Every structure is written in structure tokens, then in C-alpha cells.
Amino acid sequence: MTEAQAIALFKCLSDKSRLQILKSLAKEDMYVERLAERLNLTPATISFHMKKLADAGAVTAYRTQYYTMYSLCREVFMARIMDVIGTESDEAELQAQRDAAYRQKVIDSFFEYGRLKSIPAQRKKKRIVLEEIAKAFEKGRTYTEREINILIADFHDDFCTIRRDMISEGLMERENSIYWRTE
Amino acid sequence: MNENWVEVMNHYFMQKKAACEKQRQRCRADLRDDEAVFAQIRGNVYDAFAAVFSAALRQGAKDEEKARQFFLDKLAQIPRNWQTALDQARQHGDDTRALLEQIKLETAQEIETMFRSVTEVETP
């Protein structure tokens, strides 16, 4: 079930009359007039609800000699809600693209010829800049404080602030003046 | 003609509007939002024609026949748009819109039947 189908079905089910129609159809297939009598609603109202249910894929119709019969689409209701929630959102890819575009924009704004022009004040932008600098450090390797300072100085003169911020952002760790990049 | 036809009609409109509002609230409370809308539409039609009835009485202030005819003319004229909308909705397979227009037309028809019975005018 797609996200759109799930939304359409849940919207359709959020009505007591439609829920009662489905409960009736769960017992047996029925036609409009029978449902109207059973649920004390006009046939026109029942037809209105049947159209909504059919559009949401909850019921199907078939013709007999005298009536149009409606039956419950049982397979639709066998789907687990957890499966619907667990499905990757259609929005996810679009959101990832937007995030990547924003990230590049920040990098282009704050870096020039590989050097940091200024340290961003806004935390979100500073994080992106620090992650970019962190790429200069190999994973799984340790560095002395002197080595760290030299590497950071390639990007910006204020290596102390950047070193401290990388630690507080969790991009690097330190113990006994030995540094390493966080996995 | 019922001598108290003005009073009877006013009472009729008041009762019907109150019943529709009660129905609307009951449906909302019962999580039947679509049917609440249907009740509201019916109530709106009663409300609209109650206003037209008041206008008819003002038009024919000293002339009952003038007032009656004014109201009958409006009962014929106003639903014409709804009929057109119903025909278009059916043409385009818009079942929802068709049902809403049908509700308005049925309510207008009921008002006309009531008015004619109270004023003892034969339905054409």
C-alpha cells in the first residue's frame, strides 16, 4: 500500500457510517437498499458512502440480476499498519536532495580556495563547515594536538576554536592530548 | 386558505431549522461528518426560504395574494440553478456534487408542498 493509498483509506474510514457499512459487508455482500434499511440511512446517503469506499479501494461492486452488490476488499484490511508506517516516505528522497543542496550552498559560502573565510555563527551552518574540515582527518588514526592544529590551520587561523568546536560537536574525541576522528 | 398561514409557515421554518441544527450536531458528535454537512445544507435551504418568505410578506404588506405569488415565484426560480448544477454534476460523474444539489432540490420541494397545503393552492 502506498502512502497516498493509506491516507485515502484512513480518511475514508474516519466516519461512523462508513465503518458500519464495512462491518455489515464483513458479514455478507449487500446492496444499497438493504444497507439503507439496516443502518437507518437513505439509499442516497448509502450510495454516497459506497462511492467513497470504492474510491479508497475498501469495497468492490458487482452486478447480479436485480442489484448492484457490494463486497468488502478483505486483502486491503489485511495490511499491517506497521508496514504502512515503515514504508519509506515519498518525501524522503526529495528531502535528502534539499538537504544536500543546502549543505553545498553553505560550503560554497564559507570556503574559498579550500580555506574557511569565517566561522559561521549559526550552529547548523557551523556543523556543516566542521564536518567538511573533519574530512581532512583519517578515520581510525590518532593525532597529537600539534598535528591537529597544523591540519586545522590549513583551513583557518583560529585552530583552537575549531578544535574545541569539533570536540563539542562530537566530530572528534580526545584523551590525554591524543585526538581521533569519531566514527 | 388557512387564515394563520403566515404564522404556520414561520413556525414551520423555525422548527425545521432547529431540527436540522440538532441533526447536524448529533451527526458531528457521532463522527458522521458527511451527514452533518447534509443536515447543514438542508438547514441552509430552510433558512434561505424563511428569508424569502419574510421578503414576500414585506412585498405584499396589505395584499396576501401578492405575497403568496411572490413566494411561489421564488420557489420556482431559486431551485432552477440547483437543477442546472445537478444536471452538470451528473454529466461529469460528480456524484458528491449531485447528491448535494439533490438535497437542496428535495428540501425546496418539501417547502413548496408545505406552502401550497397551508395556502390551499393546487400543485401544478
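Residues numbered from 1 in each chain as written. Chains lettered and ligands numbered in written order. Predicted model: local features only at pLDDT ≥ 70, side-chain atom pairs only at ≥ 80, totals over all residues. Heavy atoms only, no water.

### Here we look at the overall build of chain B
- A tally of helices and strands in chain B yields 4 helices and 0 strands.
- The order of α-helices and β-strands along chain B, N terminus first, is α-α-α-α.
- Counting over 124 residues, chain B shows a buried share of 38%.
- Considering only contacts within chain B whose residues lie at least 6 apart along the sequence, 65% involve residues at least 24 apart.
- When the accessible surface of chain B is summed, it comes to about 7400 Å², and 47% of that surface belongs to carbon and sulfur atoms. (Helix = DSSP H or I, 4+ residues; strand = E, 2+ residues; numbered from the N terminus. Buried < 20%, exposed > 50% of the residue type's maximum accessible area, 1.4 Å probe, protein only. Contact = heavy atoms within 4.5 Å. Areas by Shrake-Rupley, 256 points an atom, 1.4 Å probe, with all protein chains shown as cover.)

### A look at the interface of chain B and chain A
- Taken together, the 10 residues of chain B in the interface contact 13 residues of chain A.
- Carbon and sulfur atoms make up 48% of the surface buried where chain B meets chain A, a total of about 970 Å² over both sides.
- Together, Arg32, Asp34 and Glu35 of chain B form the three largest contributors to the area buried by chain B at its contact with chain A, with a combined 46%.
- For the interface between chain B and chain A, the tally reads 3 salt bridges.
- Two residues, Lys52 of chain A and Asp34 of chain B, come together in a salt bridge whose shortest N-O distance is 3.8 Å.
- The interface formed by chain B and chain A holds 8 residue pairs in polar contact (both at pLDDT 80 or more) in total.
- Elements with a contribution of two residues or more to the side of chain B that touches chain A: helix 2 (33-59) and helix 4 (95-119) of chain B. (Buried area = accessible area lost by both parts, 1.4 Å probe. Salt bridge = Lys/Arg side-chain N within 4 Å of Asp/Glu carboxyl O. Polar contact = N/O pair within 3.5 Å; in protein donor to acceptor, adjacent residues only side chain to side chain.)

### Here's the deal with the pattern of salt bridges
- Applying the stated criterion across every chain yields a total of 26 salt bridges over all chains.
- Via salt bridges that share partners, Arg103, Arg123, Arg127, Glu131 and Glu169 of chain A belong to a single interconnected network.

### What about the sheet that holds strand 8 (residues 178-181) of chain A?
Residue and element names in this part refer to chain A.
- The strand order across the open sheet built from 3 strands is 6-8-7, with neighbouring strands paired in antiparallel fashion. Unpaired on one side and paired on the other, strand 6 (142-144) and strand 7 (172-175) mark the two borders of the sheet. In this sheet, neighbouring strand axes are inclined to one another by 30° on average, regardless of whether the strands run parallel or antiparallel.
- Running over the sheet, helix 10 (residues 159-168) touches strand 7 and strand 8 and is turned about 100° from strand 7. (Pairing = 2+ DSSP bridges. Axes fitted to C-alpha atoms, helices over the stretch in contact; angles between N-to-C directions.)

### Some words on the nonpolar core
- Counting residues in each nonpolar core, the largest one holds 25 residues, and the members touching the most others are Phe13, Phe49, Phe71, Ile111 and Phe115 of chain B.
- Breaking this core down by element, the ones donating at least two residues are helix 1 (5-29), helix 2, helix 3 (64-91) and helix 4 of chain B.
- Those residues in contact with Ile111 of chain B that lie beyond four places of it in its chain are Tyr12, Phe13, Val45, Tyr46, Phe49, Phe71 and Leu75 of chain B.
- Phe110, Val129, Leu130 and Tyr179 of chain A belong to the second largest nonpolar core, which has 20 residues in total. (Core = buried A, V, L, I, M, F, W, Y, C linked by side-chain atoms within 4.5 Å.)

### Some thoughts on the packing of aromatic side chains
All names here are of chain B.
- On inspection of all chains with the given rule, the structure shows 15 aromatic pairs over all chains.
- Taking the centre distance of 6.3 Å and the plane angle of 90° together, the rings of Phe49 and Phe71 count as edge-to-face. You can see Phe49 sitting in helix 2 and its partner Phe71 sitting in helix 3, a full 22 residues away along the chain. Taken individually, Phe49 and Phe71 each receive the classification buried, so the pair is uniform in this respect.
- Using a relative accessible area of 0% as the deciding quantity, one classes Phe71 as buried. (Phe/Tyr/Trp six-rings, centres within 6.5 Å; stacked < 30°, edge-to-face > 60°.)

### Here's the deal with the packing of helix 2 (residues 16-27) of chain A against helix 3 (residues 32-39) of chain A
All names here are of chain A.
- At a closest axis distance of 11 Å, the pairing of helix 2 and helix 3 adopts a crossing angle of 115°. Between helix 2 and helix 3 lies a crossing whose hand is right-handed. Every residue of helix 3 that contacts helix 2 at Ser17, Gln20, Ile21, Ser24, Leu25 and Lys27 is listed here: Leu35, Arg38 and Leu39.
- Taken together, the residues that form the contact of helix 2 with helix 3 break down as 4 nonpolar, 3 polar and 2 charged. (Left-handed = near helix turned anticlockwise from the far one by under 90°. Nonpolar A, V, L, I, M, F, W, Y, C, P; charged D, E, K, R; others polar.)

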